[in-house]
Structures are given as structure tokens and as C-alpha cells.
There are 2 protein chains.
Amino acid sequence: MKLYSYWRSSTSYRVRAALNLKRLSYEIVPVDLVAGVQRKEDYLTLNPGAGVPTLVLEDGTTLTQSLAILDYLDATWPEPQLIPFDPLQRARVLAAAHTVALDIHPVNNLRVLGELKTRFGATQDQLTDWMCHWMRLGFEALEAQLEENTPFVFGAVPDIADLCIIAQLYNARRWGLDLTHYPKLRGVEEACLALPEIAAAHPDQQPDAKVIS
Amino acid sequence: MKLYSYWRSSTSYRVRAALNLKRLSYEIVPVDLVAGVQRKEDYLTLNPGAGVPTLVLEDGTTLTQSLAILDYLDATWPEPQLIPFDPLQRARVLAAAHTVALDIHPVNNLRVLGELKTRFGATQDQLTDWMCHWMRLGFEALEAQLEENTPFVFGAVPDIADLCIIAQLYNARRWGLDLTHYPKLRGVEEACLALPEIAAAHPDQQPDAKVIS
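Conventions adopted
Residues numbered from 1 in each chain as written. Chains lettered and ligands numbered in written order. Predicted model: local features only at pLDDT ≥ 70, side-chain atom pairs only at ≥ 80, totals over all residues. Heavy atoms only, no water. Helix = DSSP H or I, 4+ residues; strand = E, 2+ residues; numbered from the N terminus. Rg over C-alpha atoms; globule rule 2.2 N^0.38 Å. Buried < 20%, exposed > 50% of the residue type's maximum accessible area, 1.4 Å probe, protein only. Contact = heavy atoms within 4.5 Å. Areas by Shrake-Rupley, 256 points an atom, 1.4 Å probe, with all protein chains shown as cover. Lys, Arg positive; Asp, Glu negative; His and termini not counted. Charge placed at Lys NZ, Arg CZ, Asp CG, Glu CD. Salt bridge = Lys/Arg side-chain N within 4 Å of Asp/Glu carboxyl O. Polar contact = N/O pair within 3.5 Å; in protein donor to acceptor, adjacent residues only side chain to side chain. Phe/Tyr/Trp six-rings, centres within 6.5 Å; stacked < 30°, edge-to-face > 60°. Least-squares fit on C-alpha atoms with pLDDT ≥ 70 in both. Domains from an automatic or database assignment. Buried area = accessible area lost by both parts, 1.4 Å probe.

### A look at the overall build of chain A
Next, step 1: Along chain A, the regular secondary structure elements total nine helices and four strands.
Next, step 2: Computed over its C-alpha atoms, the radius of gyration of chain A comes to 17 Å, within 12% of the 17 Å expected for a compact globule of 213 residues.
Next, step 3: Within chain A, the proportion of its 213 residues that are buried is 58%.
Next, step 4: Summarising the internal contacts of chain A: among those between residues at least 6 apart in sequence, 66% fall at separations of at least 24.
Next, step 5: Of the roughly 9,000 Å² of accessible surface on chain A, a fraction of 51% belongs to carbon and sulfur atoms.
Next, step 6: Each charge sign in chain A was given a centre, from 19 positive and 26 negative side chains, and these centres are 5 Å apart.

Given below as C-alpha cells:
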């Protein structure tokens, strides 16, 4: 399989972690979002939404949208299971994942920041405030929902909610958000990064990672 | 069941349509997003994310996040099926649904518009441009992916992608987006609204609908 991925993209991070946990082999094809490679014609043919990640299966089938890719991977290679079968448990896990994937990430991604600069002349400080505002709202909602005393969001093993959270926490640290008030989320981060499969999916471990001062 | 819903919320519209298609009976509890009812303590206890919809099941179990609710409804009452079983077909349908639910809607909702006004002094024209920009990007990506000659997104019956699209098209019309270039999406809209179950979920048919000039 080929995964079109950008090192700092939290949606790519989610899928890299899932592929690693399921011990699937894949080749990373870096897509430089800062250079605008996602808007070139070649890439748009693969992914008309101009986003990452894109997963190309062995038979050439192309999958887009990180959560749809995670759903496919889980249905096809169910070990370890990332989305529970039980409808109610499934709804809870998805709701936690969606608190990151729908309420935080889409408002905080690179293309939104670009529009804030172009349309409203947003300064770097205003962008930082914008990023932190949405993370704070989402993290407060999550922190209120998470159970006590479990290393991962819903128990002893990571699921799709953990993958969304670990990727968003990378972003939070990058933007300097104070995480003091989210002890449960920090616990999830610690438990996730202790797993070599998730640690290997971290942005800094990617072939396209850049040293940024 | 009780559905906490706001008439113009496209995430509420998706879930109302699913409940109607599955012929489930439910009571609508209006949540006035413009008046800020979603941030009152009572409501936050139900839904710490301060969003709509929230579905309360007969036994009092509370579900949040529209896509997680749709997943639960489909797993529990599979007729008519809104998310296919086949992993690949499922990934395609979810990717189309997510193009609306992750790429358009979160950047276009009421709370984002509020922050654009507060933080950047956005004018009404700037808000309209903002709304239309994200809809245009998402609709172009969708239009490029949809099959020809099927009334619904993926064939003869509506699925979760149709429900996301119909609700977003309501928003598009409300904001005056020119839909000329999206004939397939307009076809989906026509097919959806011809079904009484979806027509009954339309914002204008809700108990909390207001006549706005």
C-alpha cells in the first residue's frame, strides 16, 4: 500500500498509527502541504478534496478521508480492533473521536489558517489564539467525558478515539497550548506514545520531517 | 426517544432524516443556538460539546455527534441501511459524507462565524464569502466523485452521504451560493426532497422554525 502523508498532518498521523498497530506494510509518499503539492493536478486526480492522507491499496484502489480509511482498515484487518462492534460502545468511541476530528481539527488546519491570513490579515498571535481556542473547547468537552483510571480513552487498549487525540495533542504542543487542565488527555498521550507502533507514527519520525527552530 | 435539535442546524437535519427514514418515533426538543441555549448548564450536562443534535434513548442513554448517532441508528435499526456493510463500498460512502461533514460543515457553523465577527470584525459580506468558499471547495470535490445517472449519491436509495449533502445544500441556498455548476448535487437534492421522510426533516418543517425575511 502507499500512504500519501504529510509529517505534521494530524489526519495522516491517525492513519499511520492505525497501519502500524495492524502491522500492515506501506510506503510513505510525502505530500508537502506547505509547498502546495496537494493542489497540483496529479494529486487532485487521486484526491479531489486536495487533502491528506490518501491510501492507495495494492490493487490501485484509492481511499480518501482519514476516518473513512480507518473504518476500511478496521473492517478489513480487524486486529487490533480500533472501532468496537457493539453499537452503543461504538457510538461512544466515535463521538469521542469526532470531538477531535469534527469539532477541533477542521477549524484548525493549514488551509483555514491560510484563509484567516488572506481574508482578515490575521497576525501570528491571532492565529495562535484561534488554534488554542478550538482546542481548548474540544479538550474540555473530552476531559469531561473520559473515564478515570484507564490508560487509554476507553480501557486497556487504544482505539480510534486515542488515535485522534494523540495526533491533536501533538498539534496542541506545537502551538503552545497549556495542557495542565487536561490530566486525562495527557495520560492518553503517555500511554499511546509508550507503544512503539504509535511512537513510530509521530511526525518527527517521518521521512519528510523537517527540523524547525 | 428525544432529539435535541435546532431547525437550521445541518447536523440536526441529517439525524432527523435518518430517524424518519427508519420510521422511528421521536420527540423534538428545540435548542435555540442563536439564543445560546446550548451553553446553559442543563444542556452541557447532556452534551459537553455544546452542540446539536443530542439523542436521548428510551432508557436515558445520551448520544452526541451526528455521525456517531447515525452509525448507532444504522447498527440498531438497519432498515433502510444508510451505511453499507461491504468495507470498500462503506469507505466510499463515508468519504463522500465526510467531505461535507468534516471539510465543509465544521468551518461553516454558527460558532465559527461568531468568532470571525468577534476576532476579526468580519462583515456580513465577508461571512458570506467565507461560507461560500468552503462550500465551493467541498462541492467541487464531491461533484468530481459522484456517479452519473443515479438519483442518489451511490445508487437508487439514499445513504449517509445523501443525508449530509441534502442538509448542506439547504445551507448553500440560504447563503446564496450559485449551484449551477453542481448538477449532480442538485439531482441528489431533488431525489432526497421527493421522499416524504426527508422532506419532513427539512428545517422549515420543524416546530422551532422561524419565518425570517
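### Some points on the side chain of Arg16 of chain B
Residue and element names in this part refer to chain B.
Next, step 1: Note on placement: Arg16 falls in helix α1 (residues 10-21).
Next, step 2: Comment: no salt bridge for buried Arg16; closest opposite-charge side chain is Asp208, at 5.8 Å.
Next, step 3: Looking at Arg16, its side chain comes within polar contact range of the side chain of Ser5, at 2.9 Å.
Next, step 4: Of the polar contacts made by the side chain of Arg16, one reaches the backbone oxygen of Trp7; its length is 3.1 Å.
Next, step 5: Non-local contacts of Arg16, meaning those with residues more than four positions away in its chain, are made with Leu3, Ser5, Tyr6, Trp7, Tyr26, Ile28, Ala201, His202, Pro203 and Gln206.

### Focus: the packing of aromatic side chains
Next, step 1: For the structure shown, the criterion picks out 15 aromatic pairs over all chains.
Next, step 2: With centroids separated by 5.5 Å and ring planes inclined at 15°, the aromatic side chains of Phe120 of chain A and Phe120 of chain B adopt a geometry described as stacked. Here Phe120 of chain B lies in helix α5 (residues 110-120) and Phe120 of chain A lies in helix α5 (residues 110-120), a pairing that spans two chains.
Next, step 3: Take Phe120 of chain A: its relative accessible area is 14%, and that puts it in the buried class.
Next, step 4: Between the aromatic rings of Phe139 of chain A and Tyr182 of chain A, the centroid separation amounts to 5.6 Å while the plane-to-plane angle is 70°, which identifies the pairing as edge-to-face.

### Topic: the relation of the copies chain A and chain B
Next, step 1: For the pair chain A and chain B, the best superposition has an RMSD of 0.0 Å and corresponds to a rotation of 180° with a translation of 0.0 Å parallel to the axis. In the structure described here, the two chain copies are related by an operation that fits a two-fold rotation axis.
Next, step 2: A symmetric contact is evident, with 100% of the interface residues of chain A recurring at the interface of chain B.

### Thoughts on the domain arrangement of chain A
Residue and element names in this part refer to chain A.
Next, step 1: Domain parsing of chain A yields domain 1 (2-80) and domain 2 (87-198).
Next, step 2: A straight line from the C-alpha centre of domain 1 to that of domain 2 covers 20 Å.
Next, step 3: On the domain 2 side, the residues contacting the 16 residues of domain 1 number 20 residues.
Next, step 4: Regarding the contact of domain 1 and domain 2, the summed buried area is about 1,600 Å², with carbon and sulfur atoms giving 65% of it.
Next, step 5: On the domain 1 side of the interface with domain 2, the three residues burying the most area are Arg8, Tyr13 and Arg14, jointly 39% of the side's total.
Next, step 6: Viewed at the interface, domain 2 and domain 1 are joined by two salt bridges.
Next, step 7: In this structure, the salt-bridge partner of Asp71 is Arg90, at a minimum N-O distance of 3.8 Å.

### What about the environment of Val52 of chain B?
Residue and element names in this part refer to chain B.
Next, step 1: Positionally, Val52 belongs in the loop between α2 (41-46) and β3 (54-56).
Next, step 2: Assessed through its relative accessible area of 14%, Val52 is described here as buried.
Next, step 3: When sequence neighbours within four positions are dropped, the list of residues in contact with Val52 reads Tyr4, Ser5, Tyr6, Ser9, Thr11, Ser12, Val31, Leu33 and Tyr43.

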